[in-house]
Amino acid sequence: MAEPAPARPARLTGAQAHARYEALVARAMTAEDPVAALRAAAGDPALPPALRRSLLAADEDGVRMSALLVARLRFERLLRGSPEAEAWFDRDPAAFSAAFRRYHAEVPPTAFFPAGESRLFRGWIEAQSAR
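A brief look at the structure comes next. Just so you know, these numbers come straight off a predicted model, no measurement behind them. Chains are numbered independently. Their residues run from 1 in the order of the written sequence. Since the coordinates come from a predicted model, pLDDT governs what is reported: local features require at least 70, and pairs of side-chain atoms require 80 or more to be given and counted, while whole-chain, interface and lining totals use all residues. Side-chain metrics in this entry use all non-hydrogen atoms of the structure; hydrogen atoms and water are not considered.

Once that is clear, we can look at the nonpolar core. The biggest cluster of nonpolar side chains holds 13 residues, and the ones touching the most others in it are Met29, Leu38, Leu47, Leu55 and Val63. Helix numbering and strand numbering both begin at the N terminus, where a helix is a DSSP run of H or I of at least 4 residues and a strand a DSSP run of E of at least 2. Of all elements in the fold, only helix H1 (14-29), helix H2 (34-41), helix H3 (49-57) and helix H4 (60-81) reach the threshold of two or more residues within this core. Ranked by residues supplied to this core, first place goes to H1 with four residues. Every residue pair with non-hydrogen atoms within 4.5 Å of one another is taken to be in contact. Those residues in contact with valine 63, other than ones at most four positions away along the chain, are Met29, Pro34, Val35, Leu38 and Ala58. Residues belong to one nonpolar core when they are buried, are Ala, Val, Leu, Ile, Met, Phe, Trp, Tyr or Cys, and are joined through side-chain atoms within 4.5 Å. Think of it in three bands: with a 1.4 Å probe and only protein chains considered, a residue is buried below 20% of the maximum accessible area for its type, exposed above 50%, and partly exposed in between. In terms of nonpolar packing, the next biggest core, distinct from the first, is built from 11 residues, Phe75, Ala99, Phe100 and Trp124 among them.

Moving on to the pattern of salt bridges. Here, a salt bridge means any side-chain nitrogen of Lys or Arg that lies within 4 Å of a carboxyl oxygen of Asp or Glu. What the rule picks out here adds up to seven salt bridges. Residue glutamate 60 pairs with arginine 64 through a salt bridge whose shortest N-O separation is 3.5 Å. Here the residue glutamate 60 and the residue arginine 64 both occupy positions in helix H4, the gap between them amounting to four residues, near one helical turn. The exposure class of arginine 64 is partly exposed, given its relative accessible area of 36%.

What follows deals with the side chain of arginine 77. Within the secondary structure, arginine 77 is located in helix H4. Separated by 2.9 Å, the side chains of arginine 77 and glutamate 117 make a polar contact. Between N or O atoms, a polar contact is any pair within 3.5 Å; within protein, one atom must be a potential hydrogen donor and the other a potential acceptor, and residues adjacent in sequence are included only when both atoms are from side chains.

With that out of the way, let us pick up the side chain of histidine 104. Examined against the element boundaries, histidine 104 turns out to sit in helix H6 (residues 93-106). Judged by relative accessible area, histidine 104 falls into the buried class, the value being 8%. Only 3.2 Å separates the side chain of histidine 104 from the side chain of arginine 74, close enough to count as a polar contact. Not counting residues up to four positions away in its chain, the partners in contact with histidine 104 are Met29, Thr30, Val70, Ala71 and Arg74.

To obtain each axis, a line is fitted to C-alpha atoms, and for helices this fit is confined to the stretch in contact; angles are then taken between N-to-C directions over 0 to 180 degrees. Between H4 and helix H5 (residues 83-91), the least distance of the axes is 5 Å, while the angle of their chain directions is 110°. When the axes of H4 and H5 are compared, the pair comes out roughly perpendicular. Residues Phe75, Leu78, Leu79 and Gly81 of H4 form the contact with H5, whose participating residues are Pro83, Ala85, Glu86 and Phe89. Classification used: nonpolar for Ala, Val, Leu, Ile, Met, Phe, Trp, Tyr, Cys and Pro, charged for Asp, Glu, Lys and Arg, polar for all others including Gly. In the contact of H4 with H5, the residues fall into six nonpolar, one polar and one charged. By the definition adopted for this analysis, an angle is roughly parallel if under 35 degrees, roughly antiparallel if over 145, roughly perpendicular if from 65 to 115, and oblique otherwise.

Turning next to a nonpolar patch on the surface. The patches described consist of residues with a relative accessible area above 30% and no salt bridge, like charges being joined within 9 Å and nonpolar side chains (Val, Leu, Ile, Met, Phe, Trp, Tyr) within 5 Å. Computed with the Shrake-Rupley method and a 1.4 Å probe, the accessible areas treat only the protein chains shown as cover for residues. Among the surface-exposed residues, Met65, Leu68, Leu69 and Leu73 lie close enough to one another that they form a single nonpolar patch of about 410 Å² accessible area. By secondary structure assignment, the location of leucine 68 is in helix H4.

Structural data, given as structure tokens:
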């Protein structure tokens with residue numbers, strides 16, 4: 001009996017493909033190695049070839065700089081929006097920075113303002129405590 005043909009990925013609409021592409025880029029911006037994350041994302045068979053090629057063609061230095069800016073802006077939003085986080089940073093910068101790195105990697109950056117970043121961080125801290 002012949003083996004079945006490998007399953008083809010579901011065909012995405014243009015809007016779905018771009019939404020997936022944006023999510024992959026956003027995830028890469030919080031990855032430990034954003035360039036490697038983009039290269040891995042280029043292997044997503046559900047993305048159209050043009051979007052896969054654009055992920056591969058991204059300038060590595062530009063990707064790294066963008067990821068640093070995302071982290072810096074997020075860090076600043078958090079310290080401006082959370083007196084508790086600011087106090088923790090002042091009291092123990094190394095421990096706070098380690099916690100922030102984990103938070104940044106685990107929680108998608110969806111807040112636009114300091115109060116929103118503070119809520120996301122507080123929720124992450126509470127989830128860590130519950131574990």
